Amino acid sequence: MKTENLRINQLSPDGYAWYISYLTALDAKDITAYGAFLADDCVMWQNNQPPVQGKTAILEGLAGYWATFGTLEHDLTNLYGTDDHFVLEALNHYSRSDGQPVTLRAVAFTDRNEQGLVSSFRFYTDVTPLFG
């Protein structure tokens, strides 16, 4: 993960540390570690796709998606909001299945419940170059 390009961070130190841990699990494509951050009733939206309801369905979908490319590294540029409701603007650096590097602009909105678990997340990025 890259944080040296982070211009704006409105999260508290604890909220930022939590989010870095969350993104570390995501970048590692560690489905078990990532799942520990999600509420059982979490909802995921990706671009204009129908929402995916529930932790189990989300993890199954992400495991399949993560198998379609090599690596992922978040490069944080801006982080706006509160510790419970925030949005990340980032450059996501991927390696495609053929090893070619691809960088995609992305925005992700995240909401956390009273227990500190992710209750919903919405991410927007054009992944076409990842598979082209």
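The text that follows walks through the structure, step by step, so that each part is easy to find. Since this is a predicted model, take the numbers as computed values, not measurements. (Residues numbered from 1 in each chain as written. Predicted model: local features only at pLDDT ≥ 70, side-chain atom pairs only at ≥ 80, totals over all residues. Heavy atoms only, no water.)

## Examining the side chain of Asn-113
Here is step 1: Looking at the secondary structure, you find Asn-113 in the loop between strand S6 (101–112) and strand S7 (118–124).
Here is step 2: Since its relative accessible area comes to 16%, Asn-113 is described here as buried.
Here is step 3: There is a polar contact of 2.9 Å between the side chain of Asn-113 and the backbone nitrogen of Gln-115. (Helix = DSSP H or I, 4+ residues; strand = E, 2+ residues; numbered from the N terminus. Buried < 20%, exposed > 50% of the residue type's maximum accessible area, 1.4 Å probe, protein only. Polar contact = N/O pair within 3.5 Å; in protein donor to acceptor, adjacent residues only side chain to side chain.)

## What about the packing of aromatic side chains?
Here is step 1: Applying the stated criterion across every chain, the model contains 14 aromatic pairs.
Here is step 2: Geometrically, the ring pair formed by Trp-18 and Phe-86 is edge-to-face, given 6.5 Å between the ring centres and 75° between the ring planes. Separated by 68 residues along the polypeptide, Trp-18 in helix H1 (residues 13–27) and Phe-86 in strand S5 (residues 85–95) bring together distant segments of the chain.
Here is step 3: Taking 5.5 Å as the distance between ring centres and 20° as the angle between the ring planes, the aromatic pair formed by Tyr-19 and Tyr-22 counts as stacked. With Tyr-19 and Tyr-22 both in helix H1 and three residues apart, the pair spans about one turn of that helix.
Here is step 4: Under the relative-accessibility criterion, Tyr-19 is labelled buried at 1%.
Here is step 5: Among the aromatic side chains, those forming a connected cluster through ring pairs are Trp-18, Tyr-19, Tyr-22, Tyr-34, Phe-37, Trp-66, Phe-86, Phe-121 and Phe-123.
Here is step 6: In this arrangement the basic side chain of Lys-29 is found over the ring face of Phe-69, its NZ or CZ atom lying 4.6 Å from the centre. (Phe/Tyr/Trp six-rings, centres within 6.5 Å; stacked < 30°, edge-to-face > 60°. Lys NZ or Arg CZ within 6 Å of the ring centre and 35° of its normal.)

## As for the pattern of salt bridges
Here is step 1: Here the structure, examined in full by the defined rule, presents two salt bridges.
Here is step 2: Between Arg-96 and Asp-98 there is a salt bridge, with its nearest N and O atoms 2.5 Å apart.
Here is step 3: For Arg-122, the salt bridge goes to Asp-111, with nearest N and O atoms at 2.7 Å. In this pair, Arg-122 is assigned in strand S7 and Asp-111 in strand S6, connecting sequence segments eleven residues apart.
Here is step 4: Since its relative accessible area comes to 18%, Arg-122 is described here as buried.
Here is step 5: Residue classification places Asp-111 among the buried residues on the basis of a relative accessible area of 17%. (Salt bridge = Lys/Arg side-chain N within 4 Å of Asp/Glu carboxyl O.)

## Details of H1
Because the α-helix completes a turn every 3.6 residues, residues three or four places apart line up on one side.
Here is step 1: Compared with the 21 Å implied by 1.5 Å per residue over 15 residues, the 21 Å span of H1 between its first and last C-alpha is a close match.
Here is step 2: Of the residues making up H1, those classed as buried are Gly-15, Tyr-16, Trp-18, Tyr-19, Tyr-22, Leu-23, Ala-25, Leu-26 and Asp-27. (Expected span 1.5 Å × (residues − 1).)

## Topic: the nonpolar core
Here is step 1: Membership of the largest hydrophobic core comes to 35 residues, with the highest contact counts inside it found for Tyr-19, Tyr-22, Tyr-34, Leu-38, Leu-79 and Phe-121.
Here is step 2: Looking at this core, the elements that each hand over two or more residues are H1, strand S2 (38–46), helix H3 (55–66), strand S4 (72–81), S5, S6 and S7.
Here is step 3: The dominant element in this core, judged by the number of residues it contributes, is H1, at seven residues.
Here is step 4: For Phe-121, the residues in contact, after removing those within four places along its chain, are Tyr-22, Tyr-34, Leu-38, Cys-42, Val-43, Met-44, Trp-45, Ile-58, Phe-109 and Thr-110. (Core = buried A, V, L, I, M, F, W, Y, C linked by side-chain atoms within 4.5 Å. Contact = heavy atoms within 4.5 Å.)

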